Amino acid sequence: MPDRLIERTLRAFSDELSADTPVPGGGSAAAYAGAMGAALAAMVARIAAKKESSEPMRAFAEEMDGLRADFLRFVDEDSAAYGRVATAMKLPRKTDACERAVEGASPMTASDVSVGALMAEAALRGAALNVMINLASVKDPAQVKALSEDLDRVLEGAEEQRHRITDFVESRIAR
């Protein structure tokens, strides 16, 4: 890859993903999904902050901007992502950060909250799959077991959290 993936158009990135080369791969796609989820969360927070002059929502938007920047960096650093994923697995397995955006969200941005939650879950599950595939090359069974258990802890609760967010959003929009 002669240039940075994040500097490419969406079409060029998609073309590169579909090529018969191993890079970029699922890790880069998962990282980009995470960036999109964080971007949507920031947008929703900014819209809510503009309507209500809410400092917590502005702070949340800035927090999501930082997360989005991290994910975009990971798109290009997919080959080094294994170490970062291992570090991320030490983070708390559950967080209310996505759900904070739901509470202050305008009804007009409710669907964006759900899409952001879906993108965040896709990023988490995509990163987990990349860890799993790399575990096959680890020779130490004790390390494989420890990393597998860490991965299970990270994934625990993600689906329920996404369901809580999407169920709440669906209750606020007309169908």
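In what follows, the accompanying structure is described. (Residues numbered from 1 in each chain as written. Predicted model: local features only at pLDDT ≥ 70, side-chain atom pairs only at ≥ 80, totals over all residues. Heavy atoms only, no water.)

1. Remarks on the overall build of the protein chain
Okay, so step 1: On a plain count of helices and strands, the protein chain comes out with eight helices and zero strands.
Okay, so step 2: Reading the protein chain from its N end, one meets helices and strands in the order α-α-α-α-α-α-α-α.
Okay, so step 3: Burial statistics for the protein chain: of 175 residues in total, 35% are counted as buried.
Okay, so step 4: Considering only residue pairs separated by 6 or more positions, the protein chain has 70% of its internal contacts joining residues 24 or more positions apart.
Okay, so step 5: Accessible surface, the protein chain as shown: approximately 10,400 Å² in total, 57% of it carbon and sulfur. (Helix = DSSP H or I, 4+ residues; strand = E, 2+ residues; numbered from the N terminus. Buried < 20%, exposed > 50% of the residue type's maximum accessible area, 1.4 Å probe, protein only. Contact = heavy atoms within 4.5 Å. Areas by Shrake-Rupley, 256 points an atom, 1.4 Å probe, with all protein chains shown as cover.)

2. Thoughts on helix α8 (residues 158–172)
Okay, so step 1: Taking 1.5 Å per residue, 15 residues should reach 21 Å; α8 reaches 22 Å between its end C-alpha atoms and fits that length.
Okay, so step 2: Among all positions of α8, only A158, Q161, R162, I165, T166 and V169 are buried. In an axial view of α8, the angular spread of the buried residues amounts to 125°, which keeps them on one side of the axis. (Expected span 1.5 Å × (residues − 1). Arc of directions from axis to C-beta.)

3. A few points about the nonpolar core
Okay, so step 1: Within the largest apolar cluster, nine residues are counted, these being A41, A42, A45, A48, A49, M57, F60, A61 and M64.
Okay, so step 2: If we skip the residues at most four places from it in the chain, A49 touches S54, M57 and R58. (Core = buried A, V, L, I, M, F, W, Y, C linked by side-chain atoms within 4.5 Å.)

4. Some remarks on the pattern of salt bridges
Okay, so step 1: For the structure shown, the criterion picks out 12 salt bridges.
Okay, so step 2: With a closest N to O distance of 3.3 Å, E55 and R58 form a salt bridge. Of the two residues, E55 and R58 both sit in helix α3 (residues 55–76), three residues apart, roughly one turn of that helix.
Okay, so step 3: Judged by relative accessible area, R58 falls into the partly exposed class, the value being 35%.
Okay, so step 4: One salt bridge in this structure joins R125 and E121, with 3.1 Å as the shortest N-O distance. One end of the pair, R125, and the other, E121, are both in helix α6 (residues 110–135), four residues apart, so they sit about a helical turn from each other.
Okay, so step 5: Looking at R125, the relative accessible area reads 31%, which means it is partly exposed. (Salt bridge = Lys/Arg side-chain N within 4 Å of Asp/Glu carboxyl O.)

5. Quick notes on the packing of aromatic side chains
Okay, so step 1: Following the criterion strictly, the structure yields two aromatic pairs and no others.
Okay, so step 2: Seen in terms of ring centroids, F13 and Y32 are 5.8 Å apart; in terms of plane orientation they differ by 55°. Their pairing is tilted. Here F13 is found in helix α1 (residues 10–18), whereas its partner Y32 is found in helix α2 (residues 26–52), with 19 residues between them in sequence.
Okay, so step 3: Ring centres of F71 and F74 lie 6.4 Å apart, and the angle between their planes is 90°; this geometry places the pair in the edge-to-face category. With a gap of three residues between them, F71 and F74 both fall in helix α3, about one helical turn apart. (Phe/Tyr/Trp six-rings, centres within 6.5 Å; stacked < 30°, edge-to-face > 60°.)

6. Considering the packing of α2 against α3
Okay, so step 1: With their axes 8 Å apart at the nearest point, α2 and α3 run at an angle of 165° to one another. Relative to α3, the element α2 is oriented roughly antiparallel. Read as a crossing pair, α2 and α3 show a hand that is left-handed.
Okay, so step 2: Of the residues belonging to the contact of α2 with α3, the class tally is 19 nonpolar, two polar and five charged. (Axes fitted to C-alpha atoms, helices over the stretch in contact; angles between N-to-C directions. Parallel < 35°, antiparallel > 145°, perpendicular 65-115°, else oblique. Left-handed = near helix turned anticlockwise from the far one by under 90°. Nonpolar A, V, L, I, M, F, W, Y, C, P; charged D, E, K, R; others polar.)

7. Looking at the environment of R164
Okay, so step 1: Turning to its location among the elements, R164 is positioned in helix α8.
Okay, so step 2: For the pair R164 and A117, spaced 47 residues apart in sequence, the C-alpha separation works out to 9.8 Å.

Such coordinate-based values are descriptive only and should not be taken to indicate function.
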